[in-house]
Amino acid sequence: MPSSTPRPVNELLLEYQHYLMAYRLRQLLGEALRPATLQLTLGQYGLARNERQSLARQMISRSCPPGTLARLDTLTDTLMFGFWHNPAQVADFIRAAIRQGGHPALEQPDIFITLLSSAERGRLGPVGVQRVVRHYYACLALAALYTSPHGFDEAWSKIEAEPVPLFADELKAAGRLTQEEF
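Not measured: the values here are computed from a predicted model.

Rules and cut-offs
Residues numbered from 1 in each chain as written. Predicted model: local features only at pLDDT ≥ 70, side-chain atom pairs only at ≥ 80, totals over all residues. Heavy atoms only, no water. Helix = DSSP H or I, 4+ residues; strand = E, 2+ residues; numbered from the N terminus. Expected span 1.5 Å × (residues − 1). Buried < 20%, exposed > 50% of the residue type's maximum accessible area, 1.4 Å probe, protein only. Arc of directions from axis to C-beta. Phe/Tyr/Trp six-rings, centres within 6.5 Å; stacked < 30°, edge-to-face > 60°. Axes fitted to C-alpha atoms, helices over the stretch in contact; angles between N-to-C directions. Parallel < 35°, antiparallel > 145°, perpendicular 65-115°, else oblique. Contact = heavy atoms within 4.5 Å. Nonpolar A, V, L, I, M, F, W, Y, C, P; charged D, E, K, R; others polar.

A. How the structure looks around helix 2 (residues 42-61). Taking 1.5 Å of rise per residue, 20 residues should cover 28 Å, and helix 2 covers 29 Å from first to last C-alpha, within 8% of that figure. Those residues of helix 2 that sit buried are Tyr45, Ala48, Arg49, Arg52 and Leu55. Projected onto a plane normal to the axis of helix 2, the buried residues spread over an arc of 130° and lie on a single side. With respect to the buried face of helix 2, the exposed residues turned more than 90 degrees away are Leu47 and Asn50. Just past helix 2, the residue Arg62 takes up positive phi, approximately 65°.

Written as structure tokens, this is what we have:
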């Protein structure tokens, strides 16, 4: 099996940091959104992440024992793997938060900032804090398109307003394009 290129340490640490922010937000919103497990330490996260990757490789190679998919799903949920950068997953979270009555942290940056400790806010400084909030709010905004038919329709109408012509070299070489088409 080919080996994958190692990821830079900062990229892996950022992944853990995204986990922490998702965990904190879910903990803040509570009720049905509260994480099912205790917050993982960096070491625990790393071990669970390695196990998840190993199970994913087993699934791809089809040499997995029964229960592998269920364990993979459990680890994915525990790690909140890819939460912020998966609009469909964040949209599901937003829908659940709405059903639960919503929360000001999803709409008010000053409340979202409370997810950061005072030491974190100090290390980041005001500009860094705003940068962090903008990043996570952008993730929420992208996912919001999935939760609002009107927002999704508006985004889709912008896409449809700029139809893409046929232009690929491969199509021209195959004789599928004429000069008039582009």
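B. Looking closely at the packing of aromatic side chains. Inspection of the entire model under this criterion finds 10 aromatic pairs. Between Tyr19 and Tyr23, the aromatic rings sit 5.9 Å apart at their centres with planes inclined by 50°, giving tilted as the arrangement. Taken together, the residues Tyr19 and Tyr23, both in helix 1 (residues 9-29) and four residues apart, mark about one turn of the helix. When sorted by exposure, Tyr19 lands in the same class as Tyr23, which is buried. Measuring from centroid to centroid gives 5.1 Å for Phe83 and Trp84, while their planes differ by 85°, and the two rings are edge-to-face. The class of Phe83 is buried, set by a relative accessible area of 2%. Accessibility expressed as a relative area gives 3% for Trp84, which makes it buried. An aromatic cluster is present here, built from Phe83, Trp84, Phe93, Phe112, Tyr136 and Tyr137 joined pairwise through their rings.

C. Just the packing of helix 1 against helix 6 (residues 118-147), in detail. At their nearest, the axes of helix 1 and helix 6 sit 14 Å apart, and the two run at 80° to each other. In terms of their interaxial angle, helix 1 and helix 6 are classed as roughly perpendicular. Contacts between helix 1 and helix 6 pair Gln17, His18, Met21 and Arg24 from the former with Glu120, His135 and Tyr136 from the latter. Among the residues making up the contact of helix 1 with helix 6, the classes are represented as two nonpolar, three polar and two charged.

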